[in-house]
Amino acid sequence: MDSQWLRRHTESIQGKGNNTNKKFLIILPIIFLLLACIVFATGKQNPDFDAKISVIIIIIPIAIIVPIFLLAGKKSSDIAGPLRENLEALLTTPELVSEFDYEMSCEPLCILKDNPSNSKEYVFFTEHYIGSSFLLNNIQDYRFARLSDIAEMKFSIARDQTKVMGLGKLYFVDLIGSNGEKCLGLSIHGKDRMNEFEETLEKYCPGIKLQEHKFIHVNQ
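Residues numbered from 1 in each chain as written. Predicted model: local features only at pLDDT ≥ 70, side-chain atom pairs only at ≥ 80, totals over all residues. Heavy atoms only, no water.

1. A few points about helix 6 (residues 191-204)
So, point 1. In this model helix 6 runs 20 Å from its N-terminal to its C-terminal C-alpha over 14 residues, within 8% of the 20 Å that 1.5 Å per residue would give.
So, point 2. Restricting attention to buried positions, one finds in helix 6 the residues M194, F197, E198, T200, L201 and Y204. Angular distribution of buried residues about the axis of helix 6 spans 170 degrees; they occupy a single face of the element. Away from the buried face of helix 6 by more than 90 degrees, exposed residues K191, D192, E199 and K203 are located. (Helix = DSSP H or I, 4+ residues; strand = E, 2+ residues; numbered from the N terminus. Expected span 1.5 Å × (residues − 1). Buried < 20%, exposed > 50% of the residue type's maximum accessible area, 1.4 Å probe, protein only. Arc of directions from axis to C-beta.)

This is the structure in structure tokens:
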């Protein structure tokens, strides 16, 4: 799977996931100095303090902390990994890759924004795909599903804590395939936005089965 769109997106966010390593380079000397100060103060108060113990006190915490930070940095370096896995499952032939790249090079057929002032978080439709754009660790990320794979929509509701006193509704939407597996997960803020999303979904996924609202309970 060699998507030109994915390649450009990966290049655009490359390096933004390496903040862990940068923080590590700052934090490690601070930890070392802190431990050294503790050892120095202990040795000054107790002349019989064993120098070997002081070395152990410094080395052991660093030996534990360094691998943790390096592992975290390694995991964060491939921030496009989940998106790549998502597209590899969808774009299984060169023809599908070309189709996807072409549609992503064009203006979406429809864009639905929960917050018009936020240009990074929205749901959009192309001829054959539905996409979700969102911020993950302050980096724009995407997930996709093929419209023809979607057979059903299910959702649950919680109180929207972004609204005053949590009076709004937050819809957690799952788009389900004919095999019963989830194709894509979305979150929709507010009943009006949800109604708009459902109408748009019916337009681009004719025959989709929508879950009824009347028996849904709002979580406390």
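Text resumes after the structure shown.
2. As for the packing of aromatic side chains
So, point 1. Counted according to the given criterion, the structure contains 11 aromatic pairs.
So, point 2. The structure contains a cluster of three or more aromatic residues connected by ring pairs, namely W5, F100, Y122, F124, Y129, Y142 and F144. (Phe/Tyr/Trp six-rings, centres within 6.5 Å; stacked < 30°, edge-to-face > 60°.)

3. Focus: the sheet that holds strand 2 (residues 122-125)
So, point 1. Strand order in the open sheet formed by four strands is 1-2-3-4, and the pairing between neighbours is antiparallel. Across the chains shown, the open sheet's two edge strands, defined by having one partner strand only, are strand 1 (110-112) and strand 4 (139-146). The average undirected angle you get between the axes of adjacent strands in this sheet is 20 degrees.
So, point 2. As judged from the four bridges shared by strand 2 and strand 3 (residues 129-136), these two strands associate in the antiparallel manner. Looking across to strand 3, one finds that Y122 is bridged to S133. (Pairing = 2+ DSSP bridges. Axes fitted to C-alpha atoms, helices over the stretch in contact; angles between N-to-C directions.)

Any functional reading would require information beyond the geometric quantities listed.
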